[in-house]
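Observations on the three-dimensional arrangement
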Amino acid sequence: MNTKRVGQILKEAREERKLTVKDVSKETNIATKYIIALETEDYSQFPAETFALGFLKNYASYLKLDTGLLLNLYRGEQIEESQAPLEELTRPTSSSLSLDRNKILIFLSFLMIAVSAYVIYISFQESNEIVSEEDATESISPVSESEIPSGIVFSSKSVPENASIPFILTGDGGVTFSVNNQQCKIFIKGVENGKANLGFNIFPEKNVYFFQAGEGDETLLSYRISELSNLRRDVKIVTQAVTEKSAKILVSLKEEREGVAIKPVGDVPIQVTLFFNKPSYVEFVIDGQRGESGLVQSGEIKNLEARDRLEIKVGDGSAVEMIQNGKDRVVLGKPGKLIKKIFVRTQNPYDSTQSIIKELGE
């Protein structure tokens with residue numbers, strides 16, 4: 001049985017490859033303090049658990065370890081540590097082994113009573129089986145379709161012009177992509193009679209548009225659909241394959257929306273484009289709503305747009321370059337440094353009919 005902990009496995013794998021902490025930091029762009037924190041299991045060094053999970057996955061992948069196994073081991077250790085006080089309270093003491101004869105007799109008496117009660121209970125349950133099943137069915141609460149179900153992790157994809165990009169959707173994995181600077185999410189809720197029940201969301205709205213698609217079906221998501229009236233461009237979905245729990249789809253951008261009023265230059269929304277030159281963990285908050293969070297791979301591009309406030313948190317400042325509302329392209333920060341940017345839209349002090357975009361701390 002493997003009794004090694006996460007930190008020990010990471011450290012031994014690094015030492016077997018004759019790598020120093022500095023070597024790993026240089027290759028992975030993970031700060032040395034975070035590498036040491038992972039190997040010593042000092043998770044208090046990370047801003048949040050999501051950062052710890054992201055760096056752990058990145059480090060394990062670099063060492064060519066089983067990332068899924070390590071993540072499960074990490075979660076098991078956290079659960080085990082959280083349950084330690086309960087285990088201490090429930091552990092039998094040595095005095096419990098020295099029960100005298102009277103206590104044993106009392107215990108056996110109670111055991112016989114419990115067994116008799118159980119037999120009576122089973123008989124009663126069998127006589128009321130149909131009623132019990134109906135009650136159980138009525139007590140099940142349906143999942144609300146007004147919001148994205150919890151537990152789905154969204155990976156980021158780019159859909160360029162004149163191209164169809166394949167997405168794989170699973171029960172716990174969806175995809176987020178940009179449609180004319182709108183963050184859209186698509187996921188699978190389930191499969192019934194060979195057709196996938198797909199959900200489409202336009203961030204930061206909470207409502208989800210659900211539709212069914214079978215193998216070979218073509219679906220056009222358009223702003224002409226009342227539930228998608230805010231969509232800025234048609235999205236074509238071609239369902240290539242459907243299994244019991246997943247679906248493969250092709251996504252392409254189609255007709256652009258006509259008649260959308262162009263906003264004045266001084267009243268444009270907050271628009272930020274991020275270019276990832278190296279892997280980095282990120283968190284986005286758009287107009288007070290939690291957006292995407294997770295590890296973004298090298299080469300990906302994120303287009304973000306907010307009406308009044310945009311918060312960006314990046315685990316490695318040197319890994320990301322940014323363009324904000326047409327300004328010069330800049331590197332966010334130093335290697336291994338956690339960077340947080342906050343942009344807000346405020347009233348122009350010289351023109352009350354216009355607004356300006358300001359970075360807090362400037």
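Right above here is the structure, for reference.
Let us look at the structure shown here. (Residues numbered from 1 in each chain as written. Predicted model: local features only at pLDDT ≥ 70, side-chain atom pairs only at ≥ 80, totals over all residues. Heavy atoms only, no water.)

A closer look at the nonpolar core
The condition is simple: Only buried residues count toward a nonpolar core, which is a set of Ala, Val, Leu, Ile, Met, Phe, Trp, Tyr and Cys residues joined through side-chain atoms within 4.5 Å. Residue burial is assigned from relative accessible area. The probe radius is 1.4 Å, only protein chains are included, and a residue is buried under 20% of its type maximum, exposed over 50%, and partly exposed in between. Counting from the N terminus, the helices are the DSSP runs of H or I reaching at least four residues and the strands are the DSSP runs of E reaching at least two.
Judged by nonpolar contacts, the single largest core of 29 residues is most densely connected at Phe167, Phe177, Ile186, Phe200 and Leu231. Contributions of two or more residues to this core are made by β2 (165–170), β3 (173–179), β4 (182–192), β5 (195–202), β6 (209–214), β8 (233–242) and β9 (246–256). Among the nonpolar cores identified, the runner-up in size contains 25 residues, and Val6, Ile9, Ala31 and Ala37 belong to it.

Structural notes on the sheet that holds strand β10 (residues 270–276)
What counts is decided by this rule: Two strands form a pair only when DSSP identifies at least two bridges running between them.
One open sheet accounts for four strands, arranged β13-β10-β15-β16; its pairing is antiparallel. Of all the strands in the sheet, just β13 (301–306) and β16 (330–331) have a single pairing partner and so form its edges. Note that strand β15 (residues 320–324) and β16 share two bridges and pair antiparallel. For methionine 322, the partnering residue across the bridge sits in β16 and is valine 330.

Things to note about the pairing of β5
In terms of burial, β5 is a largely internal element, seven of the eight residues being buried. Pairing between β4 and β5: eight bridges, direction antiparallel. When the bridges of β5 are listed, phenylalanine 187 appears paired with glycine 199. The turn joining β4 and β5, which pair antiparallel and follow one another in sequence, is formed by two residues; a positive phi near 55° is taken by asparagine 193. Inspection of the sheet shows β5 paired to β6 by six bridges, in the antiparallel sense. Pairing of leucine 198 across the sheet is with phenylalanine 211, part of β6.

A few points about the packing of helix α1 (residues 6–16) against helix α4 (residues 49–62)
A pair of packed helices is captured by two measures, namely the crossing angle of their axes and the spacing between those axes. Condition: Only the contacting stretch of a helix is used when fitting its axis, a line to C-alpha atoms as for every element, and angles between N-to-C directions run 0 to 180 degrees. Note on convention: the crossing is left-handed when the near helix lies turned anticlockwise from the far helix by less than a right angle, right-handed when the turn is clockwise. The contact criterion used is simple: two residues touch if any of their non-hydrogen atoms lie within 4.5 Å. Amino acid classes used here: Ala, Val, Leu, Ile, Met, Phe, Trp, Tyr, Cys and Pro are nonpolar; Asp, Glu, Lys and Arg are charged; the rest, including Gly, are polar.
Orientation of α1 relative to α4, taken along the N-to-C sense of each, is 35°, at an axis distance of 10 Å. With respect to the hand of their crossing, α1 and α4 are arranged in left-handed fashion. For the pair α1 and α4, the contacting residues are Val6, Leu10 and Arg14 in the first and Leu56, Tyr59 and Ala60 in the second. Residues that form the contact of α1 with α4 fall into these classes: five nonpolar, no polar and one charged.

Structural notes on the pattern of salt bridges
Put simply, the rule is: The term salt bridge refers to a pairing of a side-chain nitrogen on Lys or Arg with a carboxyl oxygen on Asp or Glu at a separation within 4 Å.
Enumeration according to the criterion identifies 14 salt bridges in this entry. Between glutamate 39 and arginine 14 there is a salt bridge, and its shortest N-O distance comes to 2.7 Å. Of this pair, glutamate 39 sits in helix α3 (residues 32–40) while arginine 14 is found in helix α1, placing the two residues 25 residues apart along the sequence. With relative accessibility at 8%, the residue arginine 14 sits in the buried group. Note that lysine 302 and glutamate 300 form a salt bridge whose closest N and O atoms lie 3.7 Å from each other. Taking relative accessible area as the criterion, lysine 302 reaches 3% and is therefore assigned buried. Several salt bridges converge on common partners, so that one network encompasses Glu292, Glu300 and Lys302.

Brief notes about the environment of proline 269
Residue placement: proline 269 occurs in the loop between β9 and β10. Distance from proline 269 to serine 355, taken between C-alpha atoms, is 9.4 Å for residues 86 residues apart in sequence.

Quick notes on α4
The test is simple: Expected helix span is taken as 1.5 Å per residue step, with the number of steps being one fewer than the number of residues.
End to end, α4 covers 20 Å across 14 residues, agreeing with the expected 20 Å (1.5 Å per residue, within 8%). Residues Phe51, Ala52, Gly54, Phe55, Leu56, Asn58, Tyr59 and Ala60 constitute the buried set of α4. Within two residues after α4, lysine 64 carries a phi angle of roughly 60°, on the positive side.

Digging into unusual backbone geometry
The backbone of lysine 18 sits at a positive phi, close to 55°, despite the residue not being glycine. The residue lysine 18 is located in the loop between α1 and α2 (21–28) in this model. Positive phi outside glycine occurs at asparagine 29, with the angle close to 65°. With respect to the secondary-structure elements, asparagine 29 resides in the loop between α2 and α3.

Focus on the pairing of β10
The element β10 is extensively covered by neighbouring structure, given that six of its seven residues are classed as buried. Pairing of β10 with β15 involves five bridges; the strand directions are antiparallel. Residue pairing for β15: phenylalanine 276 is matched across the bridge by valine 320.

Examining the packing of aromatic side chains
Aromatic ring pairs are reported here in terms of the distance separating the ring centres and the angle at which the planes meet. Short version of the rule: Here is the rule: rings of Phe, Tyr and Trp (six-membered ring for Trp) pair when centre to centre is within 6.5 Å. Planes less than 30 degrees apart are stacked, more than 60 are edge-to-face, and the remainder are tilted. Put simply, a charge is over a ring when the Lys NZ or the Arg CZ is close to the ring centre, within 6 Å, and near the line of the ring normal, within 35 degrees.
Scanning all chains against the criterion turns up ten aromatic pairs. Look at tyrosine 34 and phenylalanine 46: their rings are 5.1 Å apart centre to centre, the planes differ by 20°, and that puts the pair in the stacked class. Linking tyrosine 34 in helix α3 with phenylalanine 46 in the loop between α3 and α4, this pair joins segments that are twelve residues apart in sequence. The residues tyrosine 34 and phenylalanine 46 share a single accessibility class, namely buried. Each residue in the set Tyr34, Phe46 and Phe55 is aromatic and connected to the rest through ring pairs, giving one cluster. For the cation-ring pair, lysine 189 lies above phenylalanine 210, with the distance from its terminal atom to the ring centre recorded as 5.2 Å.

Quick notes on the packing of α2 against α3
Relative orientation of the contacting elements α2 and α3 amounts to 120°, with a least axis distance of 9 Å. Here α2 runs over α3; the crossing is right-handed. Residue-level contacts link Val21, Lys22, Val24 and Ser25 of α2 to Thr32, Ile35 and Ile36 of α3. A class-by-class count of the residues in the contact of α2 with α3 yields four nonpolar, two polar and one charged.

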